[in-house]
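So the chains spell out like this:
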Protein chains: 2
Amino acid sequence: MSAESVVATTLFGDRLADAVERKRSQLLVGLDPRPDLLPVELVGDVHYDRAAAADGCARFCRGIIDAVAPYVVGVKPQVAFFEALGADGFRAFEEACAYARAAGLVVLADAKRGDIGSTSRAYAAAYLEPRDEEPPVADAMTVNLYLGRDSLDPYLAACRRHGGGLFGVLNTSNEGADVQGLALSDGRPLWQHLARMIHELGEDIVGSRGLSSVGAVVGATHPRAVGEARRLMPQAVLLLPGVGAQGGSPADLARAFTSGPASALVSASRSVLYAFRSTGEDWRTAAALEAARLQREVWAVAGW
Amino acid sequence: MSAESVVATTLFGDRLADAVERKRSQLLVGLDPRPDLLPVELVGDVHYDRAAAADGCARFCRGIIDAVAPYVVGVKPQVAFFEALGADGFRAFEEACAYARAAGLVVLADAKRGDIGSTSRAYAAAYLEPRDEEPPVADAMTVNLYLGRDSLDPYLAACRRHGGGLFGVLNTSNEGADVQGLALSDGRPLWQHLARMIHELGEDIVGSRGLSSVGAVVGATHPRAVGEARRLMPQAVLLLPGVGAQGGSPADLARAFTSGPASALVSASRSVLYAFRSTGEDWRTAAALEAARLQREVWAVAGW
């Protein structure tokens, strides 16, 4: 593909910065479709047949994307929920990604993949490389860092060549997160060592707006960790899940945004997707209202 | 499903021990189908169309399973290579798993998944739980341990209820594996801390043959690590990839087998799948010969 090598690819950081400023939003809605929580009009036989469940999930994702598109910069499909429905679910994942892309949204695949060598190359190809004349299924993806620096090379190559973004998982909001905080021999917690690794890996893939293609997932329920992450990775986009259903509040997040309006992304999943279950409104209306509310709140906290 | 709760599930360790003794084999063949390496008779348009590529991979996997079934205790499909072909690839993965199960083989899905909360439950459901009246797609799967103890709860529940097995990734053969060996404040490398975690998590899911449902992936290219892993996890099944193409030799592995004939599994992928590329024989014949050779070699090393 000789054409590819001469096309000047816009780096992820610049694409994201443009999108955030255009939409005036740092909000991602997580697509976590769960057959047992879908609106009754989409449910059908989903509890018993995976093909029907996958179809219900695909329709749910389209409806949510339509509803929240004015208020979000992108979507974060959680691959596990699609994968749980097998090949039919994976088809629904691909369709949701294409639908979101057609709506002008950034697609961040929450896959948390991690492997080595040719396997790592296969995962990078699965998410961040063009396929059959089609664009990559996602603009960016999450990865696990345990297998070390060279396990990330194929993703970094895709970031350089195709404008993709990479988000390494640093810390999470679960109670039993006993590994990420382990003290290393120099006294630092493990996740901070990995934060420096992310910073170094991304140092030469920085766009004109100062943001690297290599970012990090930082649990928004740890406000002190957010500030420390910002300090360790000044050019990284921080992905902050855990707002809404997982308990973090947007005010905890202000320090994440000190590297620019697009230097952090806030993601909310259940609190938007399933807002209708507590409000009693139409599911699309409820999702749109909650997304609009979070958009304003995050934009105000970011202070740009 | 009330019937389920009263059915006495055979734990993974016992199922595996039976299978290893019946087959006189501790060998797994890794299913890493790569369209660019397939036999020419299966290739067709695989370089350009993912549906055709997935079909070629599915036929390759069936042929390999038929060829190696007499010599192996199971197969280890590497999910990434299927996932790289999208939903069609995921269908080929499901078909390969079902085909191997029908051939009486243990199916170990090499997925290295890792996430928290409801997402972790979705991954456990995807691989280790029955679906639509069908058995689980896999007998066991690999997971990443970085997200900590409670991230593994859903998999452990599936191991207890459905007889599944879990393999946590400890160390790998890549050059840049700089994270797994980080020294903790007590001087131990990170992976050894995780080895103890695996031991503890699996202590109450041990079958009558003394093997736990929770095992570990230990790079076979580190013979000293293999012995240390055995010492730290006396009841764990050790999955040793890296024999063959990745450079380890079966003689490095003897210490892994000191907890019984089924206390370690050796996996070989490229050296079996693509043996035909160096020998010039029919691809099935070449794979069968290499699998038979490795079966004997590993059985001799295990010394049972």
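Summary of the structure given here. (Residues numbered from 1 in each chain as written. Chains lettered and ligands numbered in written order. Predicted model: local features only at pLDDT ≥ 70, side-chain atom pairs only at ≥ 80, totals over all residues. Heavy atoms only, no water.)

Some thoughts on the sheet that holds strand β6 (residues 214–218) of chain B
For sheets, the rule is that strands pair by backbone hydrogen bonds, running either parallel or antiparallel. Residues and elements named next belong to chain B. Here is the rule: Paired strands, in this sense, are two strands between which DSSP finds at least two bridges. The numbering of helices and of strands both runs from the N terminus, where a helix is a DSSP run of H or I of at least 4 residues and a strand a run of E of at least 2. Lines fitted to C-alpha atoms define the axes here, with helix axes fitted over just the stretch in contact, and angles between the N-to-C directions of these axes take values from 0 to 180 degrees. Residue contacts follow a heavy-atom distance rule, with two residues in contact if any of their heavy atoms lie within 4.5 Å.
One closed barrel holds the 8 strands; their spatial order is β1-β2-β3-β4-β5-β6-β7-β8, and the pairing between them is parallel. Averaged over all pairs of adjacent strands, the angle between their axes in this sheet comes to 30°, without regard to strand direction. Helix α8 (residues 153–162) contacts β3 (106–113), β4 (140–143), β5 (165–171) and β6 of the sheet and is inclined by roughly 140° relative to β5. Packed onto the sheet, helix α9 (residues 190–202) meets β5 and β6 and runs at close to 165° relative to β5.

Regarding the relation of the copies chain B and chain A
Worth spelling out the cut-off: Superposing the copies works by least squares over the C-alpha atoms of residues that have pLDDT at least 70 in both of them.
You can overlay chain B on chain A at an RMSD of 0.0 Å; the transform is a turn of 180° with a shift of 0.0 Å along its axis. Here the two chains are linked by the operation of a two-fold rotation axis. Most of the interface of chain B is mirrored in chain A, where 100% of its interface residues are also at the interface.

Some thoughts on the packing of helix α7 (residues 117–128) of chain A against helix α8 (residues 153–162) of chain A
Residues and elements named next belong to chain A. Rules: For any pair of crossing helices, the crossing counts as left-handed if the nearer helix is rotated counterclockwise from the farther one by less than a right angle, and right-handed if it is rotated clockwise. Polar here means any residue outside two lists: the nonpolar Ala, Val, Leu, Ile, Met, Phe, Trp, Tyr, Cys and Pro, and the charged Asp, Glu, Lys and Arg; Gly therefore counts as polar.
Contact geometry for α7 and α8: axes closest at 8 Å, N-to-C directions at 35°. The element α7 and its partner α8 pack so that their crossing is right-handed. Between α7 and α8, the contacting residues are Gly117, Ser120, Arg121, Tyr123, Ala124 and Leu128 on the first element and Pro154, Tyr155, Ala158 and His162 on the second. Tallied by class, residues from the contact of α7 with α8 come to 6 nonpolar, 3 polar and 1 charged.

Digging into the environment of cysteine 57 of chain A
All names here are of chain A. Stated formally: Classification of residues uses two cut-offs on accessible area relative to the type maximum, computed with a 1.4 Å probe and protein chains only: under 20% is buried, over 50% is exposed, and between them is partly exposed.
In this structure, cysteine 57 sits in helix α4 (residues 50–68). Exposure remark for cysteine 57: the relative accessible area of 1% places this residue in the buried category. Linking cysteine 57 and proline 33, residues 24 residues apart in sequence, is a C-alpha distance of 5.6 Å. Leaving out residues up to four positions away in the same chain, cysteine 57 has contacts with Pro33, Pro35, Leu38 and Leu85.

With respect to the packing of aromatic side chains
Filter applied, for reference: Pairing of aromatic rings covers Phe, Tyr and Trp, the last through its six-membered ring, and needs centres within 6.5 Å; plane angles under 30 degrees mean stacked, over 60 mean edge-to-face, and all others mean tilted.
For the structure on display, the rule yields 13 aromatic pairs over all chains. With a centroid separation of 6.0 Å and 85° between ring planes, the pair formed by phenylalanine 12 of chain A and phenylalanine 167 of chain A is classed as edge-to-face. Residue phenylalanine 12 of chain A is located in helix α2 (residues 12–23), and its partner phenylalanine 167 of chain A is located in strand β5 (residues 165–171); the two are separated by 155 residues in the primary sequence. Across the pair, phenylalanine 167 of chain A and phenylalanine 12 of chain A agree in class, each one buried. Between phenylalanine 60 of chain B and tyrosine 274 of chain B, the ring centres sit 5.7 Å apart and the planes meet at 10°, which makes this aromatic pair stacked. Separated by 214 residues along the polypeptide, phenylalanine 60 of chain B in helix α4 (residues 50–68) and tyrosine 274 of chain B in the loop between α11 (270–273) and α12 (276–279) bring together distant segments of the chain. We note that phenylalanine 60 of chain B, like tyrosine 274 of chain B, is buried. An aromatic cluster is present here, built from Phe82, Phe90, Phe93 and Tyr127 of chain A together with Phe82, Phe90, Phe93 and Tyr127 of chain B joined pairwise through their rings.

Here we look at the interface of chain B and chain A
Here is the rule we go by: Note: buried area is the sum, over both parts, of the accessible area (probe 1.4 Å) each one loses when the two are combined. Whenever a carboxyl oxygen of Asp or Glu lies within 4 Å of a side-chain nitrogen of Lys or Arg, that contact is scored as a salt bridge. Contacts described as polar in this section are N or O atom pairs within 3.5 Å, which, within protein, must combine one atom able to donate a hydrogen with one able to accept it, while residues neighboring in sequence count only if both atoms come from side chains.
Across the boundary between the two partners, chain B contributes 60 residues, which contact 60 residues of chain A. Surface buried jointly by chain B and chain A totals about 5000 Å² across both partners, of which 54% is contributed by carbon and sulfur atoms. As a salt-bridge pair, arginine 91 of chain B and aspartate 88 of chain A come within 3.0 Å of each other at their nearest N and O atoms. The interface formed by chain B and chain A holds 32 residue pairs in polar contact (both at pLDDT 80 or more) in total. Across the side of chain B that touches chain A, the residue classes break down as 27 nonpolar, 16 polar and 17 charged.

A short note on the packing of α4 of chain A against helix α6 (residues 86–102) of chain A
All names here are of chain A. As a reminder, the rule being used: By the definition adopted for this analysis, an angle is roughly parallel if under 35 degrees, roughly antiparallel if over 145, roughly perpendicular if from 65 to 115, and oblique otherwise.
Relative orientation of the contacting elements α4 and α6 amounts to 15°, with a least axis distance of 8 Å. Taken as axis vectors, α4 and α6 run roughly parallel relative to one another. Between α4 and α6 the crossing geometry is right-handed. Contacts between α4 and α6 involve Arg50, Ala51, Ala54, Ala58, Cys61, Arg62, Ile65 and Asp66 from the first element and Gly86, Asp88, Gly89, Ala92, Glu95, Ala96, Tyr99 and Ala100 from the second.

Brief notes about the pattern of salt bridges
A side chain of one charge can pair with a side chain of the opposite charge if their charged atoms are brought near each other. Under the definition given, this model contains 46 salt bridges over all chains. Residues arginine 15 of chain B and aspartate 139 of chain B are paired through a salt bridge, measuring 2.2 Å at the closest nitrogen-oxygen approach. Taken as a pair, arginine 15 of chain B in helix α2 (residues 12–23) and aspartate 139 of chain B in the loop between α7 (117–128) and β4 lie far apart in primary sequence, 124 residues in all. For arginine 15 of chain B, a relative accessible area of 28% translates into the label partly exposed. It is possible to trace a salt-bridge network through shared partners that takes in Arg50 of chain A together with Glu94, Arg131 and Asp132 of chain B.

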